[in-house]
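Chain and residue survey
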Amino acid sequence: MGFGNVMESQTPCYHYTLRSTTFKYKNLSQYEYVGIAPHIRLSPNQDWLAEAVRVLEGR
């Protein structure tokens, strides 16, 4: 993985602490700001838990 300075921030909800590092590897930098795209996209209006159960059960 990468190395360097560790950046830390807290979410406004539930005050989770997120940490990330500065990144060394150019071939992986495409994920640095956008993350990895999900295989299944959910709408903000869906019940995500019910949808995850449906997908995991193969329905």
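For the structure itself, consult the block above.
A short tour of the structure in this document, coming up. Not measured: the values here are computed from a predicted model.

Considerations on the pairing of strand β2 (residues 17-21)
Direction of pairing for strand β1 (residues 6-10) relative to β2: antiparallel, over a ladder of five bridges. Residue pairing for β2: Val-6 is matched across the bridge by Thr-21. In this antiparallel pair of consecutive strands, β1 and β2, the connection spans six residues, and Tyr-14 shows a positive phi of 65 degrees.

Quick notes on the pattern of salt bridges
Inspection of the entire model under this criterion finds two salt bridges. Taking the shortest distance from any N to any O, the salt bridge between Arg-19 and Glu-8 comes out at 2.9 Å. Of this pair, Arg-19 sits in strand β2 while Glu-8 sits in strand β1; the two residues are 11 residues apart in sequence, bridging distant segments of the chain. Relative accessible area serves as the criterion here: at 58%, Arg-19 is assigned to the exposed category. Notably, a salt bridge pairs Arg-54 with Glu-51, separated by 2.5 Å at the nearest N-O pair. Residue Arg-54 and its partner Glu-51 are both found in helix α1 (residues 48-56); the two are separated by three residues, about one turn of the helix.

Examining the environment of Val-6
Take Val-6: it is sitting in strand β1. Taking the C-alpha atoms as reference, Val-6 lies 6.7 Å from Thr-22; in sequence the two are 16 residues apart. Setting aside its immediate chain neighbours within four residues, Val-6 contacts Arg-19, Ser-20 and Thr-21.

Topic: the side chain of Glu-51
By relative accessible area, Glu-51 is classed as buried at 15%. One polar contact links Glu-51 to Arg-54, side chain to side chain, over a distance of 2.5 Å. In this view, Glu-51 contacts Leu-42 and Gln-46; residues no more than four positions away in its chain are not counted.

Scoring rules and cut-offs
Residues numbered from 1 in each chain as written. Predicted model: local features only at pLDDT ≥ 70, side-chain atom pairs only at ≥ 80, totals over all residues. Heavy atoms only, no water. Pairing = 2+ DSSP bridges. Helix = DSSP H or I, 4+ residues; strand = E, 2+ residues; numbered from the N terminus. Salt bridge = Lys/Arg side-chain N within 4 Å of Asp/Glu carboxyl O. Buried < 20%, exposed > 50% of the residue type's maximum accessible area, 1.4 Å probe, protein only. Contact = heavy atoms within 4.5 Å. Polar contact = N/O pair within 3.5 Å; in protein donor to acceptor, adjacent residues only side chain to side chain.

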